[in-house]
Amino acid sequence: MSIWEYANPKRFMQTSAWVLPWVAVLALACLVAGLIWGFFFTPDDFRQGSTVKIIYLHVPSAMMAINAWVMMLVTSLIWLVRRHHVSALAAKAAAPIGLTFTVIALVTGAFWGQPMWGTWWAWDPRLTSFLILTLFYLGYIALWQAVENPDTAADLTAVLCLVGSVFALLSRYAVLFWNQGLHQGASLSLDKEENVADVFWLPLLVCIAGFVLLFVALVLMRTRTEIRARRLQALLARERLA
């Protein structure tokens, strides 16, 4: 048995039909448990007060904004090397989801940063790289819509994904590259001094698990929709030729 068997659209549809409901239920359970635990059963921070609870939305969405682009990069490389259509459609399916996570991260970051920094926005290295990543998401989605031939669109968007990966990495490691800036370091770290307190850390892990599972569920659902749309286009093309 090879992992490439799931690149077959029929096999992918069969497997995802079985996996999707379980992933969706687990995602819902983790999100409900994590958010209720974090918002209602954790104390206020001694310095940030109740605004610290934005962490349960901001950190998971920021992580998934970056990881969604990484997933798109991997599937785009698979398309370029092996020409599996499911991988190209999975990348296309993930883009709007990644864009949504990026917008959530920017908005929640503004609400979290305003009381601490005294401003809704600052040209901080991480914030700026995240804004550029948002533009790459928009460009990626627009490029798919602009190019009529799906294989050509997959090729061009794969190249764009490779370029945008630079800013995805910068979004994650900008604080390490540049010391200046208002944004704090990583909320989750092996360094005990930098890592958040356990009372916030445990529900945050549950929320992150929920966001990861939500992303997987949405990508599976949207990829299935893209495969159906591709099949419909093929059938309509055959009817025109008949």
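This one's a predicted model, so the numbers in the text were calculated from it and none came from an experiment.

Quick look at the overall build of the protein chain
Scanning the protein chain from terminus to terminus reveals 6 helices and 0 strands. Considering the protein chain as a whole, with its 242 residues, one finds that 42% of them fall into the buried category. For the protein chain, restricting intrachain contacts to residue pairs at least 6 apart in sequence, the fraction spanning at least 24 positions comes to 76%. Within the structure as shown, the protein chain displays about 13,300 Å² of accessible surface, and the carbon and sulfur contribution to it stands at 69%.

What to know about the pattern of salt bridges
Inspection of every chain in the model, using the stated rule, returns 4 salt bridges. Measuring nitrogen to oxygen at the nearest pair gives 3.8 Å for the salt bridge that ties D44 to K53. Its relative accessible area of 10% is what places K53 among the buried residues. With its nearest N and O atoms 3.3 Å apart, the salt bridge here joins K92 to E226. Residue K92 is found in helix 3 (residues 85-117), and its partner E226 is found in helix 6 (residues 198-241); the two are separated by 134 residues along the sequence. In this structure K92 comes out as partly exposed when scored by relative accessible area, which is 21%. Residue classification places E226 among the buried residues on the basis of a relative accessible area of 15%. A single salt-bridge network, built from bridges that share partners, covers K92, R222 and E226.

Describing helix 4 (residues 125-146)
With 22 residues, helix 4 should reach 32 Å at 1.5 Å per residue; the first-to-last C-alpha distance of 31 Å fits that figure. Looking at helix 4, one finds that the buried residues are P125, R126, L127, S129, F130, L133, T134, F136, Y137, Y140 and W144.

Digging into the UniProt feature "transmembrane region" (unreviewed entry) in the protein chain
UniProt feature "transmembrane region" (unreviewed entry): in the numbering of this structure it lies at residues 20-41, 61-81, 93-113, 125-144, 156-179 and 199-221. Split by type, residues 20-41 is 95% helix and 0% strand. Its first and last C-alpha atoms lie 30 Å apart. What you have in residues 61-81 is 100% helix and 0% strand, and the ends, taken at the C-alpha atoms, are 30 Å apart.

So, the environment of V103
Locating V103 in the fold gives a position in helix 3. For V103, a relative accessible area of 39% translates into the label partly exposed. Separated by 41 residues in sequence, V103 and A62 have C-alpha atoms that sit 8.9 Å apart.

Cut-off values and rules
Residues numbered from 1 in each chain as written. Predicted model: local features only at pLDDT ≥ 70, side-chain atom pairs only at ≥ 80, totals over all residues. Heavy atoms only, no water. Helix = DSSP H or I, 4+ residues; strand = E, 2+ residues; numbered from the N terminus. Buried < 20%, exposed > 50% of the residue type's maximum accessible area, 1.4 Å probe, protein only. Contact = heavy atoms within 4.5 Å. Areas by Shrake-Rupley, 256 points an atom, 1.4 Å probe, with all protein chains shown as cover. Salt bridge = Lys/Arg side-chain N within 4 Å of Asp/Glu carboxyl O. Expected span 1.5 Å × (residues − 1). UniProt positions renumbered as here; feature names shortened; annotations may be inferred.

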